[in-house]
Amino acid sequence: MRYLIVLIACSLLFAGCSTKIDVHPSGGYDTLGIHWMTIERNNAIYYFQGTGEKGASVYTDMYEHSYDTLASVFKPKLPRKLRFFVWTDWVQARQILNYPLSFAQGSKCECHSRVNQQLGHEMTHIITYWADGVPWSSYSRLVTEGVAVAFDLTHDDRIAKAKSALKGQNIHSVADLWSGSYQEAEEKVFYPIAGAFMDFMFKKGLREKFDALIKNQTQAEAEIIYGKEQLDALIKEFDGTVGLH
Ligand SMILES: [Zn+2]
């Protein structure tokens, strides 16, 4: 899958041969000096900074399928159609957006993605934000990034990646990332552990509680949702699974 994404990324960087897909310049962001190639599909409007039409068409096929997969899990109801921006010039993106790629803005229903991003990560941010049509009421980095990593649609061994990220760190529990001193840890440490934890929590099958957790994300709120005893037991079990004591 990663190989395919890289191939498509390359094809987006160079103008492809002509195709029958519906592509046309847009739109709202032209004032920022970018003429986007857009493709509107069922789930999203895709904005491409690159100009390879054939690659863009295949790219939208893959992301439409990803959206459908994630939507079947989280039942999102967005107030407006998702706008999915695919950047090939990341330096320019940072200058214009004032923030490094990739990221999603739930309230605006927008993703700003690098062309070679994992399929599910940024879409999961939007889809969980609007799951059941209700936006988040509170945020924690552990839950937000954790669920996006857990549903990035890669086939990574999440426990193995978490164990590897924990090496050399002074982390004693995943709770250190939730309400302790590791809340702002660098991405390469934080994301794999958060992703493994949220994958673990989802697979416990406590679905109503999990759905409440993605809307109410602080550890204090999770103690109310799960009950302190059950949450403590889940954290302890997860810690043991990744080799923490
Ligand atoms: Zn993210």
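Just above sits the structure.
Residues numbered from 1 in each chain as written. Predicted model: local features only at pLDDT ≥ 70, side-chain atom pairs only at ≥ 80, totals over all residues.

### Notes on the pairing of strand β6 (residues 110-114)
Right, so step 1: Of the strand pairs in this sheet, strand β4 (residues 82-87) and β6 are connected by five bridges, and their pairing is parallel. From the neighbouring strand, F84 faces β6, where its bridge partner is C111.
Right, so step 2: As judged from the three bridges shared by strand β5 (residues 103-105) and β6, these two strands associate in the antiparallel manner. Across the sheet, Q105 pairs through a bridge with E110, a residue of β6.
Right, so step 3: In textbook terms, the turn of a hairpin is the stretch between consecutive antiparallel strands, and for β5 and β6 this stretch comprises four residues, one of which, C109, has a positive phi near 55 degrees. (Pairing = 2+ DSSP bridges. Helix = DSSP H or I, 4+ residues; strand = E, 2+ residues; numbered from the N terminus.)

### Regarding helix α2 (residues 53-74)
Right, so step 1: Between its terminal C-alpha atoms α2 stretches 31 Å, which fits the 32 Å expected from 22 residues at 1.5 Å a residue.
Right, so step 2: Restricting attention to buried positions, one finds in α2 the residues E53, G55, A56, S57, Y59, T60, Y63, S66, Y67 and L70.
Right, so step 3: Residue K75 follows α2 closely and has a positive phi angle near 45 degrees. (Expected span 1.5 Å × (residues − 1). Buried ≥ 20, exposed ≤ 12 C-beta atoms within 10 Å, placed from the backbone.)

### Details of the packing of helix α6 (residues 158-166) against helix α8 (residues 187-203)
Right, so step 1: Remark: α6 packs on α8, axes separated minimally by 8 Å, with the N-to-C direction vectors making an angle of 145 degrees. Every pair of crossing elements has a handedness; the one defined by α6 and α8 is left-handed. Along the contact surface, α6 presents R158, I159, K161, A162, A165 and L166, while α8 presents K188, V189, P192, I193, G195, A196 and D199.
Right, so step 2: In terms of residue class, the contact of α6 with α8 is made up of eight nonpolar, one polar and four charged. (Axes fitted to C-alpha atoms, helices over the stretch in contact; angles between N-to-C directions. Left-handed = near helix turned anticlockwise from the far one by under 90°. Contact = placed C-beta atoms within 7 Å. Nonpolar A, V, L, I, M, F, W, Y, C, P; charged D, E, K, R; others polar.)

### Points about the nonpolar core
Most often, soluble globular proteins keep nonpolar side chains buried together rather than apart.
Right, so step 1: Of all hydrophobic cores here, the largest spans 61 residues; its most connected members are F84, V86, I126, I193, A194 and F197.
Right, so step 2: Looking at which element gives the most residues to this core, the answer is α8, with nine residues.
Right, so step 3: The residue makeup of this core includes at least three contributed by each of domain 1 (2-129) and domain 2 (141-241).
Right, so step 4: For A194, the residues in contact, after removing those within four places along its chain, are L142, E145, G146, V149 and L177. (Core = buried A, V, L, I, M, F, W, Y, C linked by C-beta atoms within 7 Å. Domains from an automatic or database assignment.)

### Side note on the pairing of β4
Right, so step 1: Buried residues dominate β4, accounting for six of its six residues.
Right, so step 2: What you see with β4 is no split at all: L82, F84 and V86 on one side and R83, F85 and W87 on the other are buried throughout.
Right, so step 3: Both strand β3 (residues 44-48) and β4 contribute to a ladder of five bridges, which runs parallel. Within the sheet, the bridge partner assigned to A44 lies in β4 and is L82.
Right, so step 4: Handedness of the β3-α2-β4 crossover: left-handed. (Right-handed = clockwise from strand over helix to strand, strands pointing away.)

### Regarding the environment of A165
Right, so step 1: Residue placement: A165 occurs in helix α6.
Right, so step 2: Along the backbone, A165 and Y191 are 26 residues apart, and their C-alpha atoms lie at a distance of 8.7 Å.
Right, so step 3: Residues within four places of A165 in sequence aside, it is in contact with K188, V189, P192 and I193.

### Let's talk about α8
Right, so step 1: Here α8 spans 23 Å end to end across 17 residues, near enough to the 24 Å set by a 1.5 Å rise per residue.
Right, so step 2: On its buried face, α8 is in contact with α5 (141-150), α6, α7 (175-178), α9 (207-215) and α11 (228-241).
Right, so step 3: Looking one or two places after α8, you find G205, whose phi comes out positive at around 80 degrees.

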